[in-house]
Amino acid sequence: MTTDSRVGTDRGHTGELEVRPAAGHIGADITCVDLAADLDEETVAAIRAAVLRWKVVFFRGQRLDHAGHVALARRFGAPVVLPRRGSASPADFPEIETTADRLELGGRYGMDHDEWLRRRRHTLLRGWHCDHGARVDPPAATILRAETVPPYGGDTTWANLAAAYSGLSAPVREFADRLRAEHRLGVGYQPRPGDDAYLRHLLDHQTATEHPLVRVHPETGERILFVNGYYVEQITGLSRPESRAILEMLLEQATRPEYTVRLRWEPGTVAFWDNRATIHLAPGDTAHLDHPRIMHRVMLAGDVPVGVDGRPSQPLTGTAPGRW
């Protein structure tokens, strides 16, 4: 993704395309564009600029199929190809992961989906995450489309980590600028009594990286409060009690309501977000509903984060740039 200066206003047109902010700090609806069409360069630049400005943008009433979804993603970067996906993902499109696969994961380890979620998200803050944040090169962006959604429930919420950083007091910003933290897959998981197959899986497939606590956005130059509840385990060099208190304070800052936007999905809705500058909270209110929720996502390859001091993230185990 690259910045284009032609769309710099909070609300503007490029041809027929219109960007309408959805909340004060994050989120915008983009109308009058057909994502299945062969988009011209001006429209692509306008969408790219809106994503960088508003961190997540929403398109309604789209009619993308799998091929169109992948083609759209390629206009903005290189789609990630995951080496392992579930049976719900389309076999002919390795760039697409169908989120219904997640419903299978608990069953693989002897849990129903509700128990699996409870053990991974036992606090509200634990659910907030960026995609694949334990990697040394998390995806730059994600494009998620809704195929089938419940008639109610299932909303997704995003938070703007650049606005959260700016909202900190100057002394706390200066303190955070110097810190680094370990991001590890499976942090905070509460094991089952006795033998736990999922815990064994996590131990056998460890993925961890030391990231800067504040990363510099490679395109906008913004400073990003690079925290989340799902992957961040420990601030480097601090004691466990110190790290726990500071991370909780920073996560509460990142998820303040004024820095968030919430999306009510409909079939044909597409969300496109900057994974470098946001965290999001997937819904936890649909497991008891007898309604399917089928979503498809494509992630765009990202770079290695760099801190305020110019130091890049360092892989600790199970991850290398460009290797999935």
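For the structure itself, look to the data block above.
Okay, so let's go over this structure. (Residues numbered from 1 in each chain as written. Predicted model: local features only at pLDDT ≥ 70, side-chain atom pairs only at ≥ 80, totals over all residues. Heavy atoms only, no water.)

### Considering the overall build of the chain
Within the chain, the regular secondary structure consists of eight helices and 17 strands. In terms of its C-alpha atoms, the chain occupies a principal-axis envelope of roughly 55 × 50 × 35 Å. The proportion of buried residues among the 324 residues of the chain is 54%. Within the structure as shown, the chain displays about 14400 Å² of accessible surface, and the carbon and sulfur contribution to it stands at 49%. (Helix = DSSP H or I, 4+ residues; strand = E, 2+ residues; numbered from the N terminus. Buried < 20%, exposed > 50% of the residue type's maximum accessible area, 1.4 Å probe, protein only. Areas by Shrake-Rupley, 256 points an atom, 1.4 Å probe, with all protein chains shown as cover.)

### Examining the packing of aromatic side chains
Under the counting rule described, the total for this entry stands at five aromatic pairs. Where Phe58 meets Trp158, the ring centres are 5.5 Å apart and the plane angle is 50 degrees; that geometry is what we call tilted. With Phe58 in strand β4 (residues 56-59) and Trp158 in strand β7 (residues 156-160), the pair connects residues that are 100 residues apart, well separated along the chain. Of the two residues, Phe58 and Trp158, neither departs from the other in class, the shared state being buried. Both rings, one in Tyr230 and one in Tyr231, keep their centres 4.8 Å apart while their planes meet at 80 degrees; by these two values the pair is edge-to-face. Taken together, the aromatic side chains of Phe58, Trp158, Trp265 and Trp273 make up a single cluster linked through ring pairs. The lysine or arginine in question, Arg53, covers the ring of Trp54, its NZ or CZ lying 3.9 Å from the ring centre. (Phe/Tyr/Trp six-rings, centres within 6.5 Å; stacked < 30°, edge-to-face > 60°. Lys NZ or Arg CZ within 6 Å of the ring centre and 35° of its normal.)

### Some points on the nonpolar core
The biggest cluster of nonpolar side chains holds 30 residues, and the ones touching the most others in it are Leu213, Leu225, Val227, Ile235, Leu250 and Ile279. Mapped by element, the contributors of at least two residues to this core are α5 (161-166), β11 (223-225), β12 (232-235), α8 (240-254) and β15 (278-281). When neighbours within four sequence positions are excluded, Ile279 is seen to be in contact with Trp128, His129, Cys130, Thr157, Trp158, Ala159, Leu161, Val227, Asn228, Ala254 and Thr255. Within the second largest apolar cluster, 27 residues are counted, among which are Val33, Ile47, Leu72 and Val298. (Core = buried A, V, L, I, M, F, W, Y, C linked by side-chain atoms within 4.5 Å. Contact = heavy atoms within 4.5 Å.)

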